[in-house]
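Analysis of the macromolecular model
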Amino acid sequence: MLETKRTFIRPINQEDAKAVFNYRSDSKTNQFQGWIPKTLEDVNEFIYKNPAEFNVPETWFQLVIIETNSDKIIGDIGVHFSDERNLQCEIGCTLNKAYQKKGFASETLQAVIDHLFTRLEKHRVFASLDPKNESSVNLMERLGFRKEAHFKRSLWFRGKWVDDLVFAILKSEWK
C-alpha cells in the first residue's frame, strides 16, 4: 500500500498474527495501549474484524509496518475513520520495542498522514494519548500536531480514570 525509505505499510492479514502477537503482547512496553492480546487467538480475532476496505466511515483499519531490509513486521498503525462524513481520522501506532527510538514511527506515520491528506482528502487527523506517554507526545509534536485538549480523568482505563490528551493537525497545516 505505502512505502517509505525503510518500510512497507500494508493492511494486516491472518498470516501476520504471530508476529503481531510477539510485540503487542508485551504489556510493559505497551502500557499505554488500549489493546494487549493475551493469546494468539485474540490477535486472530482482531485481524478477522479488520474491515475489508480502507477508508470506510466509522471503522478502525489496521495496517502493519514491515522493515524493508529484514522483511519483518515491526509494528502497526490503526486508522479510525471517525465520522460519518469521513473527513476526520484518528491514528495510533504500536512498535516492537526493538524498533522504538529509531525514527520508524515518525517515518511511517508521515507516510500514512500524507496519504490521508493528499490521496483521501481528509480535513483533520488526530490522536488521543495518555499524557504520561512522553514518547508519543514528543512524536506528535515532531509531526507538527498541536495539543488541542487535555481532558482530566475522562477515560476509564484499566480500572481507573486517566487523563486524555488530544493532538491534531489540519490538512492546511500539513507540510
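Once that is clear, we can look at the overall build of the chain. For the chain, the count of helices and strands is four helices and eight strands. Along the chain direction, N to C, the helices and strands of the chain fall in the order β-β-α-α-β-β-β-α-β-α-β-β. Taken against the 2.2 N^0.38 rule, which gives 16 Å for 175 residues, the C-alpha radius of gyration of the chain at 15 Å falls within 12% of a compact globule. For the chain, the spread of C-alpha atoms along the three principal axes comes to 40 × 35 × 35 Å. Within the chain, the fraction of its 175 residues that count as buried is 46%. In the chain, 58% of the contacts between residues at least 6 apart in sequence involve partners at least 24 apart. Roughly 9900 Å² of accessible area belongs to the chain as shown, and the carbon and sulfur atoms make up 49% of that amount. Averaged over its 26 positive side-chain charges, the chain has a centre that lies 6 Å from the centre of its 25 negative ones.

When you line up the elements, glutamate 107 lands in helix 3 (residues 104–118). A distance of 2.7 Å separates the side chain of glutamate 107 from the side chain of arginine 6, its partner in a polar contact. Excluding residues that lie within four positions of it along the chain, glutamate 107 makes contacts with Thr4, Lys5, Arg6 and Thr7.

In this section: the packing of aromatic side chains. With the rule as written, the count across this model stands at six aromatic pairs. On the numbers, 4.1 Å between centres and 15° between planes, the contact of tryptophan 35 with phenylalanine 46 is stacked. Of this pair, tryptophan 35 sits in the loop between helix 1 (17–24) and helix 2 (40–48) while phenylalanine 46 sits in helix 2, and the two are 11 residues apart along the sequence. For phenylalanine 46, a relative accessible area of 25% puts it in the partly exposed group.

Ordered by their spatial adjacency, eight strands build an open sheet running 1-2-3-4-5-6-8-7, and the pairing between neighbours is mixed. Looking at the sheet topology across the chains shown, the edges are occupied by strand 1 (2–3) and strand 7 (146–157). Direction of pairing for strand 1 relative to strand 2 (residues 7–11): antiparallel, over a ladder of two bridges. Note on strand 2: the bridge partner recorded for leucine 2 is isoleucine 9. Against the sheet, helix 3 makes contact with strand 1, strand 2, strand 3 (59–67), strand 4 (72–81), strand 5 (88–95), strand 6 (124–129) and strand 8 (160–170), and its axis sits at roughly 160° relative to strand 5, the strand it touches most.

The next subject is the nonpolar core. Ranked by size, the top nonpolar core spans 34 residues in total, and within it Val79, Ile91, Ile113, Leu116, Met140 and Phe145 carry the most contacts. If you list the elements that add at least two residues to this core, you get strand 3, strand 4, strand 5, helix 3, strand 6, helix 4 (134–142) and strand 8. No other element matches the eight residues that helix 3 contributes to this core. Other than its neighbours up to four places away in sequence, isoleucine 91 contacts Gly78, Leu109, Ile113, Leu116, Val125, Phe126, Ala127, Met140 and Phe145. The next biggest cluster of nonpolar side chains, apart from the first, holds 10 residues, and it includes Ile12, Phe21, Tyr23 and Ile47.

With that out of the way, let us pick up helix 4. One full turn of an α-helix is made of 3.6 residues, so residues set three or four places apart face in the same direction. Those residues of helix 4 that sit buried are Ser136, Val137, Leu139 and Met140. The arc that holds every buried residue of helix 4, seen down its axis, measures 160°, which confines them to one face. Every exposed residue of helix 4 that faces more than 90 degrees away from the buried side is listed here: Glu134 and Arg142. In this structure, the buried side of helix 4 is in contact with strand 5, helix 3, strand 6 and strand 8. Once helix 4 ends, the next one or two residues include glycine 144, with phi positive near 95°.

What counts as what
Residues numbered from 1 in each chain as written. Predicted model: local features only at pLDDT ≥ 70, side-chain atom pairs only at ≥ 80, totals over all residues. Heavy atoms only, no water. Helix = DSSP H or I, 4+ residues; strand = E, 2+ residues; numbered from the N terminus. Rg over C-alpha atoms; globule rule 2.2 N^0.38 Å. Buried < 20%, exposed > 50% of the residue type's maximum accessible area, 1.4 Å probe, protein only. Contact = heavy atoms within 4.5 Å. Areas by Shrake-Rupley, 256 points an atom, 1.4 Å probe, with all protein chains shown as cover. Lys, Arg positive; Asp, Glu negative; His and termini not counted. Charge placed at Lys NZ, Arg CZ, Asp CG, Glu CD. Polar contact = N/O pair within 3.5 Å; in protein donor to acceptor, adjacent residues only side chain to side chain. Phe/Tyr/Trp six-rings, centres within 6.5 Å; stacked < 30°, edge-to-face > 60°. Pairing = 2+ DSSP bridges. Axes fitted to C-alpha atoms, helices over the stretch in contact; angles between N-to-C directions. Core = buried A, V, L, I, M, F, W, Y, C linked by side-chain atoms within 4.5 Å. Arc of directions from axis to C-beta.

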